[in-house]
Amino acid sequence: MEDLKLLVVGSVAIDSVQTPFGFREESIGGSALYFSAAASLFSPVSILAVVGEDFPMDEVEFLSARGADLSGLKTVQGRTFRWKGQYGYDLNEAKTLETHLNVFEEFAPELTERQRSAELLFLANIDPELQLKVLDQVDSPALVAADTMNFWIEGKRKALQRVVERVDLLVLNEGEARMLTEEVNLVKAAQKIMEWGPSGVVIKRGEYGVIYFAAGYVFSAPAYPLEELFDPTGAGDSFAGGMMGALAASGDLTPEGIKRAIVYGSAVASFNVEDFSFTRLASIEYGDIKSRFGDFVRMTAFEKDI
Ligand code: AMP
């Protein structure tokens, strides 16, 4: 059997989300699901996660149709992870109203031989102790990247610190970068994170785009200037999925390759926020991403000298 290109562990959820443009109760969500919906536009991806018996499996069929491997998405007795969040007119940061771990409380991942052989691993936002359990089981991925959020920085800082020390690339939003490092300045925050272990840091800044730091590199990519934006939920995860999917497809893990993958990630995330839940991500194809990637290239190109 062919080696696995890309493995993601993270949440698969039922979300209830309020934005200034509407309320969507009990729709599918979760970091691993948004990640996979984005990554599968570029490369095969395998999901490792758990859901309860109440999860509407038929709603993730579009992922299998796109080549995502859902055999590691286990159904167990109990309720699916639930998250309730709210966005104000500043859509850059969600306010968490409720988090119910439910079936994730007891989840102990056991990787299959194929999953252990993953070339690229993404530890999407989930309990850092669970992220560590996955790290302990993989053979030797060419690149491991991770994401997290304030909930885990506050609740599981020690375990999270151990995760950060063991990954190559940390992807997190600006508020969380500040919270994790206790540095207000993002350049200092990124430097501190790189002193802990990762060779690169990607800081997500919502509508202001992302900044990537690596030794001798700073790269800034804008967010796509959208006229209509409905639901930012999953923007970070679909960004990471697009980025990792592009890395899996190109195989170029150098900082230059990561820069290009960041622009692909930004292109996917810009589609995701155009509608609630997976409505938009489920409807696009690679050609749509390619075309928006071209817009990014034009949007950021300028003459070199006066
Ligand atoms: P984002 O890409 O940052 O907008 O992530 C949104 C997704 O994160 C939602 O679909 C939630 O289900 C999921 N989520 C929220 N809180 C947590 C948590 N504490 N652990 C794992 N996933 C979460």
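Small disclaimer: the values here were computed from a predicted structure and weren't measured.

Reading the values: the criteria
- Residues numbered from 1 in each chain as written.
- Predicted model: local features only at pLDDT ≥ 70, side-chain atom pairs only at ≥ 80, totals over all residues.
- Heavy atoms only, no water.
- Helix = DSSP H or I, 4+ residues; strand = E, 2+ residues; numbered from the N terminus.
- Rg over C-alpha atoms; globule rule 2.2 N^0.38 Å.
- Buried < 20%, exposed > 50% of the residue type's maximum accessible area, 1.4 Å probe, protein only.
- Contact = heavy atoms within 4.5 Å.
- Areas by Shrake-Rupley, 256 points an atom, 1.4 Å probe, with all protein chains shown as cover.
- Near = heavy atom within 4 Å.
- Polar contact = N/O pair within 3.5 Å; in protein donor to acceptor, adjacent residues only side chain to side chain.
- Nonpolar A, V, L, I, M, F, W, Y, C, P; charged D, E, K, R; others polar.
- Pairing = 2+ DSSP bridges.
- Phe/Tyr/Trp six-rings, centres within 6.5 Å; stacked < 30°, edge-to-face > 60°.
- Axes fitted to C-alpha atoms, helices over the stretch in contact; angles between N-to-C directions.
- Parallel < 35°, antiparallel > 145°, perpendicular 65-115°, else oblique.
- Left-handed = near helix turned anticlockwise from the far one by under 90°.

> Could you give an account of the overall build of the protein chain, naming the residues involved and the relevant values?
Secondary structure assignment for the protein chain yields 11 helices and 13 strands. Relative to its length of 306 residues, the protein chain is compact, with a C-alpha radius of gyration of 18 Å against a globular reference of 19 Å. Each principal axis of the C-alpha distribution contributes one length, and for the protein chain these read about 65 × 40 × 40 Å. Within the protein chain, the fraction of its 306 residues that count as buried is 54%. Within the protein chain, contacts between residues at least 6 apart in sequence are counted, and of these 64% link residues at least 24 apart. For the protein chain, the accessible area works out to roughly 13,700 Å², and carbon and sulfur atoms hold 48% of it.

> Could you give an account of unusual backbone geometry, with specific residues and numbers?
Phi at Glu26 takes a positive value of approximately 55°, unusual for a residue other than glycine. On the secondary structure map, Glu26 appears in strand E3 (residues 22–29). One non-glycine residue, Asn102, lies in the positive phi region at around 50°. Residue placement: Asn102 occurs in the loop between strand E7 (95–100) and helix H3 (113–116).

> Go over the site of the ligand, please, and point to the residues and values.
Within the structure, the ligand sits among 20 residues, and Ser11, Asp15, Gly30, Gly234 and Asp237 are positioned closest to it. The contact in question runs from an oxygen atom of the ligand to an N or O atom on the side chain of Asp15, over 2.5 Å. In the model, a nitrogen atom of the ligand is placed 3.1 Å from a nitrogen or oxygen of the Trp152 side chain. Notes on the ligand: free accessible area 510 Å², of which the protein chains cover 90%. Among the secondary structure elements, those contributing two or more residues to the shell around the ligand are strand E2 (13–19), strand E6 (81–86), helix H5 (150–155) and helix H9 (235–250). For the shell around the ligand, the element with the most residues is H9, which contributes three residues. For the shell around the ligand, the class distribution of residues is 11 nonpolar, seven polar and two charged.

> Can you explain the pairing of strand E4 (residues 46–52)? Please cite residues and give values.
Among the seven residues of E4, seven are classified as buried, and the element is accordingly described as predominantly covered. Burial of the side chains of E4 extends over both faces: Ser46, Leu48, Val50 and Gly52 are buried on one face and Ile47, Ala49 and Val51 on the other. Note that strand E1 (residues 6–9) and E4 share three bridges and pair parallel. Among the inter-strand pairings, Val8 is bridged to a residue of E4, identified as Ile47. Alignment of E4 against strand E5 (residues 73–76), held across four bridges, turns out to be parallel. Bridge pairing in E5 places Val50 opposite Lys74.

> Account for the packing of aromatic side chains, with residues named and values stated.
Summed over all chains, the structure comprises 11 aromatic pairs. A centroid spacing of 5.7 Å and a plane angle of 40° characterise the contact between Tyr224 and Phe296, whose relative ring orientation is tilted. Here Phe296 lies in helix H11 (residues 286–300) and Tyr224 lies in the loop between strand E13 (217–221) and H9, a separation of 72 residues in the sequence. The interplanar angle of 15° and the centroid separation of 4.0 Å between the aromatic rings of Tyr264 and Phe293 together place this pair among those described as stacked. Placement of Tyr264 in helix H10 (residues 255–272) and of Phe293 in helix H11 is noted, with a sequence separation of 29 residues between them. Each member of the pair, Tyr264 as well as Phe293, carries the same accessibility label: buried.

> Tell me about the packing of helix H1 (residues 31–39) against H9, residues and numbers included.
Where H1 meets H9, the axes come as close as 7 Å, and the angle between the chain directions of the two elements is 45°. In terms of orientation, H1 lies oblique with respect to H9. Every pair of crossing elements has a handedness; the one defined by H1 and H9 is right-handed. Note on element contacts: H9 touches H1 through Asp237, Ser238, Ala240, Gly241, Gly242, Met244 and Gly245, opposite Ser31, Tyr34, Phe35, Ala38 and Ala39. Within the contact of H1 with H9, the residues separate by chemical class into six nonpolar, five polar and one charged.

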